[in-house]
Amino acid sequence: MSTDPTKPEILVIEDEVQIRRLLRLTLEEAGYAMREAETGRAGLDEVLRHMPDAVILDLGLPDQPGIEVLKQLREWNPVPVLILSVFGQEGSKIAGLDAGADDYLTKPFGGGELLARLRALLRRIKPAVATSSFRFGRVEVDFAHRRVKKDGHALKLTSMEYALLQLFITHRDKVLTHRQILRDLWGAKAEGQTHYLRTYVLRLRRKLEDDLDAPKFFQTESGIGYRFVCEADEG
Ligand code: CA
């Protein structure tokens, strides 16, 4: 197994040998080092011993559900986690994101898609809101003064719109489930109120997107939640 310290190390916890083989080809070709574990227990052990830069976790493992592995991991370790699920298992995907996964891929997936997700995961390790301003597209957010401008003109955002925008920027590139966003902004009692959220996302899109019919920044993850996507440009 490669242990080149200059390469980002990815731990794959997956019992299917075919998928591990595919992942190894894709990851090593792209300049990553890969470690592998076939069970949840072995995977947790690997995290403890080698502190990988990111983890790719299959939800269907032989010894325990991937969700349980994730919950145990999240008790002590913030490493970025990408979960792998099988087509049609929407519920387990959402449970995985709620339990602290950063992103997901549905099997079968393409190598390009996997690498794009992984790059986003690794780039996100640095939090955005510690900086004083943040730019995306034609929009500039000034955190110190809670001001938002588009093309240099001040925009009026309600405090809830601003809070939602701030949440998205903090978790840029990450899928946030409806439940996570609702809980964060409105509290646990609002977890089921997906329609509130839809309204607020629409308002943000109206104010901040260039094309409302093809939102570039505030993307819908169908049936799951939203993802704020942008190239980082921090001031
Ligand atoms: Ca499996």
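Heads up: these notes are all about the structure in this document. (Residues numbered from 1 in each chain as written. Predicted model: local features only at pLDDT ≥ 70, side-chain atom pairs only at ≥ 80, totals over all residues. Heavy atoms only, no water.)

## Quick look at helix H3 (residues 66–74)
Because the α-helix completes a turn every 3.6 residues, residues three or four places apart line up on one side. Within the span of H3, buried status applies to Gly-66, Ile-67, Val-69, Leu-70 and Leu-73. Each buried residue of H3 sits inside an arc of 160° when the element is viewed along its axis, so together they form one side. At its buried positions, H3 is contacted by helix H2 (40–50), strand S3 (54–58), strand S4 (81–86) and helix H4 (90–98). (Buried < 20%, exposed > 50% of the residue type's maximum accessible area, 1.4 Å probe, protein only. Helix = DSSP H or I, 4+ residues; strand = E, 2+ residues; numbered from the N terminus. Arc of directions from axis to C-beta. Contact = heavy atoms within 4.5 Å.)

## Things to note about helix H1 (residues 17–29)
With 13 residues, H1 extends 18 Å from end C-alpha to end C-alpha; this agrees with the ideal 18 Å at 1.5 Å per step. Residues of H1 that are buried: Ile-19, Arg-20, Leu-23, Thr-26 and Leu-27. Buried residues of H1, viewed axially, fall in a sector of 135°; they line one side. Among the exposed residues of H1, those oriented more than 90 degrees off its buried face are Gln-18, Arg-21, Leu-25 and Glu-29. As for H1, its buried residues are in contact with strand S1 (9–13), strand S2 (33–37), S3, S4, strand S5 (103–107) and helix H5 (111–123). (Expected span 1.5 Å × (residues − 1).)

## Section: the nonpolar core
Among the nonpolar cores identified, the biggest contains 26 residues, and Phe-136, Phe-168 and Phe-218 are the most heavily contacted of them. Secondary structure elements with two or more residues in this core: strand S6 (133–136), strand S7 (139–142), helix H6 (159–170), helix H7 (178–186), helix H8 (194–208) and strand S12 (225–228). Ranked by residue count, the leading element in this core is H6, at six residues. With sequence-adjacent residues up to four places away left out, Phe-168 is seen in contact with Leu-176, Ile-181, Val-201, Leu-204, Phe-218, Tyr-226 and Phe-228. Counting residues in hydrophobic clusters, the runner-up holds 21 residues, among them Leu-44, Leu-61, Ile-83 and Ile-224. (Core = buried A, V, L, I, M, F, W, Y, C linked by side-chain atoms within 4.5 Å.)

## As for a nonpolar patch on the surface
Where nonpolar side chains cluster on the molecular surface, the patch consists of Leu-48, Met-51 and Trp-76 and spans about 320 Å² of accessible area. In this fold, Met-51 is placed in the loop between H2 and S3. (Patch = residues over 30% accessible without salt bridge, like charges linked within 9 Å, V, L, I, M, F, W, Y side chains within 5 Å. Areas by Shrake-Rupley, 256 points an atom, 1.4 Å probe, with all protein chains shown as cover. Salt bridge = Lys/Arg side-chain N within 4 Å of Asp/Glu carboxyl O.)

## Notes on the pairing of S5
Among the five residues of S5, five are classified as buried, and the element is accordingly described as predominantly covered. The alternating pattern of S5 places Asp-103, Leu-105 and Lys-107 on one face and Tyr-104 and Thr-106 on the opposite face, and all of these are buried. Bridging between S4 and S5 involves five bridges; their strand directions are parallel. Note that in S5 the partner of Ser-85 across the bridge is Thr-106. Note that the unit made of S4, H4 and S5 has a crossover that is right-handed. (Pairing = 2+ DSSP bridges. Right-handed = clockwise from strand over helix to strand, strands pointing away.)

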